[in-house]
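Close look at the chain arrangement
Spelled out from the first residue to the last, the chains are:
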Amino acid sequence: MFGFLKQVGDYTRDAVDAARNLAQGFSVTFDHMQRRPVTVQYPYEKLIPSERYRGRIHYEFDKCIACEVCVRVCPINLPVVDWVMNKATKKKELRNYSIDFGVCIFCGNCVEYCPTNCLSMTEEYELAAFDRHSLNYDNVALGRLPTSVTTDPSVVPLRELAYLPAGEMDPHGVAADRPRAGQLPSQVLETLTSPAKSSAKNEGQSSNEAKEGDA
Ligand code: SF4
Ligand code: SF4
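Since the model is a prediction, treat every value here as computed from it, not as a measurement.

Some details on the sheet that holds strand 3 (residues 80–86)
The 3 strands lie next to each other as 3-4-6, forming an open sheet whose pairing is antiparallel. Unpaired on one side and paired on the other, strand 3 and strand 6 (136–137) mark the two borders of the sheet.

Considerations on the packing of aromatic side chains
Taken as a whole, this structure holds 6 aromatic pairs when the rule is applied. Summarising the aromatic geometry, the rings of Phe-26 and Phe-30 are spaced 6.0 Å apart at their centres and angled 20 degrees between planes, so their arrangement reads as stacked. On the criterion of helical spacing, the pair formed by Phe-26 and Phe-30 is a turn pair, its members being 4 residues apart in helix 1 (residues 2–34). Residue class for Phe-26 comes out partly exposed when judged on its relative accessible area of 47%. Centroid distance Tyr-59 to Tyr-97: 4.0 Å. Interplanar angle 5 degrees. Geometry classified as stacked. Taken as a pair, Tyr-59 in strand 2 (residues 57–59) and Tyr-97 in strand 4 (residues 91–100) lie far apart in primary sequence, 38 residues in all. Both residues of the pair, Tyr-59 and Tyr-97, belong to the buried class. Aromatic rings pair up to connect Tyr-59, Phe-61 and Tyr-97 into one cluster. Over the ring of Trp-83 we find Lys-92; its NZ or CZ atom is 4.5 Å from the centre of that ring.

Comments concerning the site of ligand 2
The environment of ligand 2 is made up of Ile-57, Cys-74, Pro-75, Leu-78, Pro-79, Cys-104, Ile-105, Phe-106, Cys-107, Gly-108, Asn-109 and Cys-110. Taken together, the residues of the shell around ligand 2 break down into 10 nonpolar, 2 polar and no charged.

Let's talk about the pairing of strand 3
Bridge count for strand 3 against strand 4 is 7 bridges, and the pairing is antiparallel. Residue Val-81 lies in a different strand from strand 4, and its bridge partner there is Tyr-97.

Here we look at the site of ligand 1
Taken together, 14 residues form the shell around ligand 1, and within it Cys-64, Cys-67, Glu-68, Cys-70 and Cys-114 come nearest. Of the residues that constitute the shell around ligand 1, the class distribution is 12 nonpolar, 1 polar and 1 charged.

Digging into unusual backbone geometry
Along the chain, Tyr-42 connects to Pro-43 via a cis peptide bond; the corresponding omega equals 5 degrees. Mapped onto the fold, Pro-43 is located in the loop between helix 1 and strand 1 (45–47). Of note in the backbone geometry, Ala-66 takes a positive phi value of approximately 55 degrees without being a glycine. With respect to the helices and strands, the residue Ala-66 is situated in the loop between strand 2 and helix 2 (69–73).

Some remarks on the pattern of salt bridges
According to the stated counting rule, one finds 9 salt bridges in the structure shown. The salt bridge involving Lys-6 is made with Asp-10; its shortest N-O contact spans 3.2 Å. Taken together, the residues span about one helical turn, with Lys-6 and Asp-10 both in helix 1 at a distance of 4 residues. On the basis of relative accessibility, which here comes to 25%, the residue Asp-10 falls in the partly exposed class.

Observations regarding the state of the cysteines
If you walk through the whole model with that rule in mind, you get 0 disulfides. Not part of a disulfide, Cys-118 finds its nearest cysteine sulfur in Cys-114, a span of 3.5 Å. When its relative accessible area of 2% is taken as the criterion, Cys-118 is described as buried.

Focus: the nonpolar core
Counting 24 residues, the largest nonpolar core has Ile-57, Tyr-59, Tyr-97, Ile-99, Phe-101 and Leu-119 as its most contacted members. No other element matches strand 4, which puts 3 residues into this core.

Cut-offs and rules
Residues numbered from 1 in each chain as written. Chains lettered and ligands numbered in written order. Predicted model: local features only at pLDDT ≥ 70, side-chain atom pairs only at ≥ 80, totals over all residues. Heavy atoms only, no water. Pairing = 2+ DSSP bridges. Helix = DSSP H or I, 4+ residues; strand = E, 2+ residues; numbered from the N terminus. Phe/Tyr/Trp six-rings, centres within 6.5 Å; stacked < 30°, edge-to-face > 60°. Buried < 20%, exposed > 50% of the residue type's maximum accessible area, 1.4 Å probe, protein only. Lys NZ or Arg CZ within 6 Å of the ring centre and 35° of its normal. Near = heavy atom within 4 Å. Nonpolar A, V, L, I, M, F, W, Y, C, P; charged D, E, K, R; others polar. Salt bridge = Lys/Arg side-chain N within 4 Å of Asp/Glu carboxyl O. Disulfide = S-S within 2.5 Å. Core = buried A, V, L, I, M, F, W, Y, C linked by side-chain atoms within 4.5 Å.

Pasting the structure below:
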């Protein structure tokens, strides 16, 4: 009899514990339901790609000198530079240029090493196509101006986390004129170069300070 009552008591205590844990779990869940979802509602909302985002490559036919550096630095020798030698002028004549974005890994090597800056990376990332051959862009397709998230009237552009004002985590409802957290690259460069000048003068002093700090 006593054993049975103990079992009933244990069972009741376990049931109450489980109910309390469940209630705690539900309270956390309901608390999350009170918060605004931090979800980007694509395609009506889009994040603005960062300054150095590596999207679709833009190409300027008039600037290209057919040097083929882009081919040599590409991990898969992807750009196709179609040129012929003009024997009269003894100069290369560019016929066509193409990059197959079905194969490109958007590493940006070609852009980095092009001597005439005729290649650049755009912020365009929506390249989906039904036919893989239509991803092979010729010089005309490569030369088109890229689409921009900020100029599309049907899209609400949202800032990425690093571009939000200090303390903001959610891009929704942040006024466009509020400054981003941290400094702009030009300001960072200023702070990097100006102390360098002053530290060059006080080099002995700062090295002594560093030693003291280490000690
Ligand atoms: S590196 Fe630049 S200039 Fe040279 S072939 Fe490639 S795109 Fe043209
Ligand atoms: S981005 Fe990279 S993979 Fe694509 S063409 Fe340029 S070098 Fe080649």
